[in-house]
Amino acid sequence: MAVSFFINFVRAKYFQISDANTALVRRHRTCTTVAVLAGAYSLVFTFDNLTQRNLIQQSLSRKLVQILSGLLFMASSPIFSEATSARYFASFVPFVNCLRLLINGLSLATDEGWVKSVTCEGDRAELLRGPLYYVLILIFCAVVFWHDSPPGVILVAMMCIADIVGRRFGSWKLPHNLRKSWAGSISVFLCGFLISIGYFTGMGYFELDWSVSLGRVALISLLATAVESLPTNELVDDNISVPAVSIFLSLLTLSP
C-alpha cells in the first residue's frame, strides 16, 4: 500500500542511523516531539476558537478533540525512530496535556476557553476525570506497548472514538441504558474496528494471519463497545473500562 511504502521509505532514509550519530538521533526525536506537540496544541486551539465563537457546540467540540487527538497520536508515532527510547519522546506530548489538565483542573491557572473545548459543560472539575484518564492511557500505551504492538493499536483505536452519531441520530435507545443508542454503539464498534484494521494494514509493522485476526479484532471491538454501552459510567469511567477490556482481550487473542 502507498502509506506502507511511504512509512518504510521514511524509516529507511532517516531512521537507519548508526550509534555514532546519537546526537543526530536525539535532535530528530526532539524536533519530532516539538512538531507533534505543536500539532496537538493547534488542534485544541482551533476547537477552542470555534467554541468561543459559538460556531460549534461545546459537547461536539470535546468529542472531536477526543477523536482527532487520538488519531493524531496514532498517525505521528511512525515518525519517531525505532529505538526503545523513542517511546518516551512520544509520551511527552500527552504528558504535557496531562500537566495542563491538572493545572486547570486544580484551579492553579485559568483558561476558560480551553476548558470549554475539552469538557462537556465547562466544569473544570471534569478535567480531572475523563480527559485526564484519556491522556494517562495514551502515556501508558506509548511507554508500555508503543506503535508496533497489536494491543497498543487497538487500545488507542478504541480510545479515540466518540459517540457523535448517537447524539445526532440516537432516537432508538438501548434497552439496558437509555442514555445510549443503537446508532451510537454501532458507530463506536465500526470506528474502533476500522481504525484498528486501517493501522494494521497501512503502517507495515504487522504480519498477521488475517483469516484469524480479522475476526479477533472484530470480537475485541464488539466486546469493548458492549462495555462502553453499560450504565456504569458513574462507577467506572469508560475511559478506564474500555481500555482495560481492550488490553485484556488483545493480549489474550492477538499477542504471539
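All values reported here derive from a predicted model rather than from experimental measurement. (Residues numbered from 1 in each chain as written. Predicted model: local features only at pLDDT ≥ 70, side-chain atom pairs only at ≥ 80, totals over all residues. Heavy atoms only, no water.)

## So, the overall build of the protein chain
Counting secondary structure elements, the protein chain contains 11 helices and two strands. Reading the protein chain from its N terminus to its C terminus gives the helix and strand order α-α-α-α-α-α-α-α-β-β-α-α-α. (Helix = DSSP H or I, 4+ residues; strand = E, 2+ residues; numbered from the N terminus.)

## Brief notes about the confidence of the model for the protein chain
In this model, the protein chain carries an average pLDDT of 80, and 86% of its residues clear a pLDDT of 70 or more. Mean pLDDT per element in the protein chain: helix α1 (residues 2-15) is the minimum at 49, and helix α10 (residues 210-229) is the maximum at 91. (pLDDT = per-residue confidence, 0-100.)

## Structural notes on the packing of aromatic side chains
For the structure on display, the rule yields five aromatic pairs. Ring geometry for F189 and F193: centres 6.0 Å apart, planes at 10°, overall stacked. Of this pair, F189 and F193 both sit in helix α9 (residues 182-202), four residues apart, which is roughly one turn of the helix. F189 gets classed as partly exposed once you look at its relative accessible area, which sits at 21%. (Phe/Tyr/Trp six-rings, centres within 6.5 Å; stacked < 30°, edge-to-face > 60°. Buried < 20%, exposed > 50% of the residue type's maximum accessible area, 1.4 Å probe, protein only.)

## Some thoughts on the nonpolar core
Most often, soluble globular proteins have nonpolar side chains that are buried together. Of all hydrophobic cores here, the largest spans 50 residues; its most connected members are W114, I154, L155, F200 and V217. Broken down by element, the residue count for this core peaks at eight residues, all from helix α6 (residues 130-144). Apart from residues lying up to four places away in sequence, I154 is in contact with S196, F200, V217, I220, S246, S250 and L254. (Core = buried A, V, L, I, M, F, W, Y, C linked by side-chain atoms within 4.5 Å. Contact = heavy atoms within 4.5 Å.)

## Re unusual backbone geometry
Despite not being glycine, N54 has its phi angle at roughly 60°, a positive value. Looking at where N54 falls in the secondary structure, it is placed in the loop between α2 (22-52) and α3 (58-76). The class of N54 is exposed, set by a relative accessible area of 68%. Phi angles above zero are rare outside glycine, and S107 is one such case at about 60°. Relative to the elements of secondary structure, S107 occurs in the loop between α4 (86-105) and α5 (112-118).

## Re the environment of G192
Assignment of secondary structure puts G192 in helix α9. Judged by its relative accessible area of 0%, G192 falls in the buried class. Distance in space between the C-alpha atoms of G192 and M159 is 8.2 Å, their sequence separation being 33 residues.

## Thoughts on the pattern of salt bridges
If you walk through the whole model with that rule in mind, you get one salt bridge. For E228, the salt bridge goes to K180, with nearest N and O atoms at 2.8 Å. With E228 in helix α10 and K180 in strand β2 (residues 177-181), the pair connects residues that are 48 residues apart, well separated along the chain. Of the two residues examined, E228 and K180, each falls in the buried class. (Salt bridge = Lys/Arg side-chain N within 4 Å of Asp/Glu carboxyl O.)

## Some details on a nonpolar patch on the surface
Nonpolar side chains collect at one region of the surface, where F92, F95, L99, L102, I103, L106 and L108 lie side by side and expose about 620 Å² of accessible area between them. Structurally, the position occupied by L102 is in helix α4. Owing to a relative accessible area of 30%, L102 belongs among the partly exposed residues under this scheme. (Patch = residues over 30% accessible without salt bridge, like charges linked within 9 Å, V, L, I, M, F, W, Y side chains within 5 Å. Areas by Shrake-Rupley, 256 points an atom, 1.4 Å probe, with all protein chains shown as cover.)

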